[in-house]
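Read off the chains here:
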Amino acid sequence: MAAPPDMEPLATLSLELLPTDPLLLILSFLDYRDLVSCCYLNRRLNQLSSHDPLWKRHCKKYWLISEKEKSQRNESWKSIFINTYSDLGRYIHYYATLKKAWDDLEKYLGQWCPRMIGSLKESVREEDLDAVEAQIHCKLPDDYRCSFRIHNGQKLVVPGLMGSMALSNHYRSEDLLDIDTAAGGFQQRLGLKQCLPLTFCIHTGLSQYMALESVEGRNKYEIFYQCPDQMARKPSAIVMFITGTSYLEWFTSYVNKVVTGGYPIIRDQIFRYVHDKECVATTGDITVSVSTSFLPELSSVHPPHYFFTYRIRIEMSKDALPEKACQLDSRYWKITNAKGDVEEVQGPGVVGEFPIISPGRVYEYSSCTTFSTTSGYMEGYYTFHCLYYKDRFFNVTIPRFHMVCPTFKVSTAFCTSTGSFLRGRYCALSQETNPNEPAVDGDEDSTATDDTEDQPRVLDIPEPSGHCPHRT
């Protein structure tokens, strides 16, 4: 339809002809790439896109630069963004997430585990990471590299940053390896081909590995614990318990669990017990709650033997009457595996003790169990007697708690005619275990251990013992 003859054509509206304030508002919604592009359109947009407050948002969003840091650097927001980008630009999609995780973790450790702060190493340079790639002839993922531009892992000390676990005859504490130690443990052997260790426990030799290529049945950048296949005829077959799909997901999910109180802090260590908030039962004035953990180093897929530890907290309400004080006499467990097979266990006390519970008092202990299936659950009750009325007995419910083995895979490195996979003993950078070192009593919650020298040695990982003394 033609326009009426008396109507003048509308003037074309040019963006650059807009007044300054609305134009700056429009530019404030642009990402840093588009803001840079505006610099090349014309003189006016070049001037306006250099308006310093526009770059403040990008500095905070991508580099977490605070007002205080900005004032200390005595630079403009635009200059800070450009200079930081020239150094860390390849990590722009990871840096803020990882930097926040590290900052949150350091703040939390400073309050609850200050001893660990001193074990963290300073950042590495870009050329150091390039040198490691040249050494192992494999590319490192950018999220992993980015994390090491913030902190170069941890010294080989106890306790480890990546969590601990203790039982009466078993102790594990995982360090986050620095880049040089990790590169020294890079694997090219069958079963662990092109796998880089991320963590290491100097007591058990246990590591979590990251696959740098999609080989032997692994997905690229998948993270896992390795465990030997004890039924394979060849000495290199391993089973992989998956713990993460990428370094970013693996590290940030762990940090989130730590800083939100998902893992308990016991004697200045992070213990990797997972608590289901629904796994709580209250009987009268007594509340029982349970946390659980899977131990890959004591587990086996072939033959099926899945090892779990659990931590139980028994607490009497502080508002209870003094005459409600009582003592635990015995325990009863009903243990059910994934096939529906049931085992019942009954015995005196718990972990050899008969704790007294009074108003406001908490008693905690750790124990363990094994299943021949990948999952199972336990439930039961404690029998108490009243201290004021010694002939009065009552049962306290233990809530049902489930234990589930993580997803696992079998390495497809090599297959014999019978279908068995290669399996073998693992050799990696580690610390020699002191045979005279005292055992850690898991029922006492934790251990006091000395820092270990920060030097790599060679140690064979022991086969899983699978020993579970009792359910208590």
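Residues numbered from 1 in each chain as written. Predicted model: local features only at pLDDT ≥ 70, side-chain atom pairs only at ≥ 80, totals over all residues. Heavy atoms only, no water.

Across its full length, the protein chain carries twelve helices and 21 strands. When burial is assessed residue by residue, the protein chain has 49% of its 472 residues classed as buried. If you take every contact in the protein chain between residues at least 6 apart in sequence, the share linking residues at least 24 apart comes to 66%. A total of about 22600 Å² of accessible surface is found on the protein chain, and carbon and sulfur atoms cover 52% of it. (Helix = DSSP H or I, 4+ residues; strand = E, 2+ residues; numbered from the N terminus. Buried < 20%, exposed > 50% of the residue type's maximum accessible area, 1.4 Å probe, protein only. Contact = heavy atoms within 4.5 Å. Areas by Shrake-Rupley, 256 points an atom, 1.4 Å probe, with all protein chains shown as cover.)

Turning our eyes to something else, we now look at the sheet that holds strand E11 (residues 286-294). Spatially, E10-E11-E12-E16 is the arrangement adopted by the four strands of the open sheet, whose pairing is antiparallel. Looking at the sheet topology across the chains shown, the edges are occupied by strand E10 (274-283) and strand E16 (362-371). Strand-to-strand twist across the sheet, computed as the mean angle between neighbouring axes with direction ignored, equals 20 degrees. (Pairing = 2+ DSSP bridges. Axes fitted to C-alpha atoms, helices over the stretch in contact; angles between N-to-C directions.)

Bringing the confidence of the model for the protein chain into the picture now. Averaged over the protein chain, the pLDDT score is 85; the fraction of residues at 70 or greater is 84%. Ignoring residues within four places in sequence, the model shows residues 416-469, a span with pLDDT below 50, making 156 contacts including any to other chains. (pLDDT = per-residue confidence, 0-100.)

This part is about the side chain of glutamine 208. Structurally, glutamine 208 is set in strand E5 (residues 208-211). Owing to a relative accessible area of 2%, glutamine 208 belongs among the buried residues under this scheme. Here tryptophan 250 takes part through its side chain, which lies 3.0 Å from a polar atom of the side chain of glutamine 208. (Polar contact = N/O pair within 3.5 Å; in protein donor to acceptor, adjacent residues only side chain to side chain.)

Right, let's talk about unusual backbone geometry for a bit. Here the bond from valine 158 into proline 159 is cis, since omega is 5 degrees, no more than 30 degrees from zero. Here proline 159 lies in the loop between helix H10 (142-148) and strand E1 (164-167). Residue histidine 302 is joined to proline 303 through a cis peptide bond whose omega torsion reads 0 degrees. Examined against the element boundaries, proline 303 turns out to sit in the loop between E11 and strand E12 (306-316). Phi at histidine 137 is positive, roughly 55 degrees, even though this residue is not glycine.

What follows covers the pairing of strand E7 (residues 238-244). For E7, a buried count of six out of seven residues is recorded, marking the element as mostly surrounded by other parts of the structure. Direction of pairing for strand E6 (residues 223-228) relative to E7: antiparallel, over a ladder of six bridges. The residue of E7 that forms the bridge with isoleucine 223 is glycine 244.

So, about the sheet that holds strand E2 (residues 170-176). Taken in spatial order, the three strands make up an open sheet running E1-E2-E4, and their pairing is antiparallel. Only two strands of the sheet have a single partner each, and these edge strands are E1 and strand E4 (199-201). Going across the sheet, the axis of each strand differs from the next one's by a mean of 20 degrees, ignoring polarity. By the bridge criterion, three bridges tie E2 to E4 in an arrangement that is antiparallel. Within the sheet, the bridge partner assigned to leucine 176 lies in E4 and is threonine 199.

Counting 76 residues, the largest nonpolar core has Leu140, Tyr144, Leu161, Tyr247 and Phe251 as the members making the most contacts within it. By residue number, the principal contributor to this core is helix H7 (residues 95-112), which donates seven residues. One finds Leu206, Tyr225, Val345 and Cys405 within the second-largest nonpolar core, a separate group that totals 38 residues. (Core = buried A, V, L, I, M, F, W, Y, C linked by side-chain atoms within 4.5 Å.)

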